[in-house]
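Chain by chain, the residues run as shown.
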Amino acid sequence: MFESFSLNSHRPSLGVLNAIYGKAHAAALRGDRTTALALDTQGRRVFDTAGSHEQTSDYAVPWWR
C-alpha cells in the first residue's frame, strides 16, 4: 500500500528506491523472477540518481546496494 505512494512520484528519491526494492523482494519471494529482476534494474537506475553516497548512517543506502 505505502509503496504505491512513493512509486507515484516521478522524482528519484530514497523513498522510491526503498519502495522499488520492497516490491522486488516481494516478487522474488513469490517466485516471480522476471518482475524481481526488472525491479532490480529499475532500482539501480534510481540509486544512481538518488543514492546517499555522502551520508554515513544506519539509514543511508550503501554504495554496494
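It should be noted that the structure appears before, not after, this text.
These numbers come from a predicted model, not from an experiment.

What counts and how
Residues numbered from 1 in each chain as written. Predicted model: local features only at pLDDT ≥ 70, side-chain atom pairs only at ≥ 80, totals over all residues. Heavy atoms only, no water. Core = buried A, V, L, I, M, F, W, Y, C linked by side-chain atoms within 4.5 Å. Buried < 20%, exposed > 50% of the residue type's maximum accessible area, 1.4 Å probe, protein only. Helix = DSSP H or I, 4+ residues; strand = E, 2+ residues; numbered from the N terminus. Salt bridge = Lys/Arg side-chain N within 4 Å of Asp/Glu carboxyl O. Expected span 1.5 Å × (residues − 1). Arc of directions from axis to C-beta. Contact = heavy atoms within 4.5 Å.

*Asks:* Go over the nonpolar core with me, naming the residues and quoting the values.
*Replies:* Counting nine residues, the largest nonpolar core consists of Val16, Leu17, Ile20, Tyr21, Ala24, Leu39, Val46, Phe47 and Ala50. Counting residues per element, the ones that place at least two in this core are helix H2 (14-30) and helix H3 (33-50).

*Asks:* An account of the pattern of salt bridges is requested, with residue identities and associated values reported.
*Replies:* Applying the stated criterion across every chain yields a total of two salt bridges. Note that aspartate 32 is salt-bridged to arginine 30, the shortest N-O span being 4.0 Å. A relative accessible area of 28% places aspartate 32 in the partly exposed class. In this structure, aspartate 40 and arginine 44 form a salt bridge, with 3.1 Å as the shortest nitrogen-oxygen distance. Residue aspartate 40 and its partner arginine 44 are both found in helix H3; the two are separated by four residues, about one turn of the helix.

*Asks:* Provide a residue-level description of H3, including the pertinent values.
*Replies:* Counted at 1.5 Å a residue, the expected span for H3 with its 18 residues is 26 Å, and the 25 Å between its end C-alpha atoms agrees. If you check which residues of H3 are buried, you get Ala36, Leu39, Asp40, Gly43, Val46, Phe47 and Ala50. Looking straight down H3, one finds that the buried residues subtend no more than 130° of arc, so they occupy a single side. Every exposed residue of H3 that faces more than 90 degrees away from the buried side is listed here: Thr34, Arg44, Arg45, Asp48 and Thr49. Contact partners of the buried residues in H3: H2.

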